[in-house]
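# Inside the fold
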Amino acid sequence: MQIKKPLIVIAGPTSSGKTSYSIKLAKDLAKKGIVAEIVSADSRQVYRGLDLLSGKVTKREMSGIEHHLLDVANPKRAFSVVQYQKLATKKIAEIHKRGHLPILV
């Protein structure tokens, strides 16, 4: 029997407030003793150096909430959804292993 692990997914159109909502959610969960970590699924925020073009979350905006899969790809090289899927699957498993709740945004 496979045990299912929880995963919160926040999806929506560009510039709809997903990032700020995910940070607020993680802070609210922390008040209840649940540690959440955010895994970015943004197709542009994975690239290093595209901070302004992608509206990438800043350290200050993160408010101490752990964020993953930002700045993991070189914009001068091809980066596929398959590569992202491998990184995200591994990161989500690591978050679960720590007993934390992943939020895919």
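So, a few notes on the structure that sits alongside this text. (Residues numbered from 1 in each chain as written. Predicted model: local features only at pLDDT ≥ 70, side-chain atom pairs only at ≥ 80, totals over all residues. Heavy atoms only, no water.)

### Things to note about helix 1 (residues 18-31)
Operational definition: Each helix corresponds to a stretch of at least 4 residues labelled H or I by DSSP, and each strand to a stretch of at least 2 residues labelled E; elements are numbered beginning at the N terminus. To estimate the expected span of a helix, count its residues, drop one, and scale the result by 1.5 Å. Note on exposure labels: buried denotes an accessible area under 20% of the residue type's maximum, exposed denotes more than 50%, and partly exposed covers the range between, all computed with a 1.4 Å probe on protein chains only. Arc definition: directions from the helix axis to the C-beta atoms. It only takes one pair of heavy atoms within 4.5 Å for two residues to be counted as in contact.
For helix 1, spanning 14 residues, the distance from its first C-alpha to its last is 20 Å, which sits close to the expected 20 Å at 1.5 Å a residue. For helix 1, the set of buried residues is Ser22, Ile23, Leu25, Ala26 and Leu29. Axial view of helix 1: buried residues confined to an arc of 160°, hence all on one face. Its buried side turned inward, helix 1 meets strand 1 (8-9), strand 2 (36-39), helix 3 (59-62), strand 3 (67-68) and strand 4 (101-104). Backbone geometry just after helix 1 places Gly33 at a positive phi near 85°.

### A look at helix 4 (residues 81-97)
Relative to the 24 Å expected for 17 residues at 1.5 Å per residue, helix 4 spans 24 Å between its end C-alpha atoms, a close match to the ideal helical length. Of all the residues in helix 4, the buried ones are Tyr84, Ala88, Ile92, Ile95 and His96. Seen along its axis, helix 4 keeps its buried residues to an arc of 95°; they face one direction. Away from its buried face by more than 90 degrees, helix 4 exposes Lys86, Lys90 and Lys97. Directly beyond the C-terminal end of helix 4, a positive phi value near 80° is found at Gly99.

### Quick notes on unusual backbone geometry
A positive phi is found at Ser15, a non-glycine position, where the angle reads about 60°. Here Ser15 is to be found in the loop between strand 1 and helix 1. Unlike most non-glycine residues, Asp71 shows phi in positive territory, near 60°. Following the sequence through the fold, Asp71 ends up in the loop between strand 3 and helix 4.

### Re the pairing of strand 4
Basically, it comes down to this: A pair of strands counts as paired when DSSP detects no fewer than two bridges linking them.
Alternating positions in strand 4 separate into two faces, Leu101 and Ile103 on one and Pro102 and Leu104 on the other, with burial throughout. By the bridge criterion, 2 bridges tie strand 1 to strand 4 in an arrangement that is parallel. Among the inter-strand pairings, Val9 is bridged to a residue of strand 4, identified as Leu104. Examined bridge by bridge, strand 2 and strand 4 share 4 bridges and lie parallel to one another. The partner of Glu37 across the bridge, within strand 4, is Pro102.

### Some details on the sheet that holds strand 3
Going by this rule: Structural elements are reduced to axes, namely lines fitted to C-alpha atoms, with helices fitted over the stretch in contact, and the angle between N-to-C directions of any two is expressed from 0 to 180 degrees.
One open sheet accounts for 4 strands, arranged 1-4-2-3; its pairing is parallel. Pairing within the sheet leaves two strands with one partner each, and these edge strands are strand 1 and strand 3. Here strand 2 runs beside strand 3; their pairing, made up of 2 bridges, is parallel. When the sheet's bridge partners are listed, Val39 is paired in strand 3 with His68. Those strands touched by helix 1 are strand 1, strand 2, strand 3 and strand 4, and its axis lies near 165° from that of strand 4.

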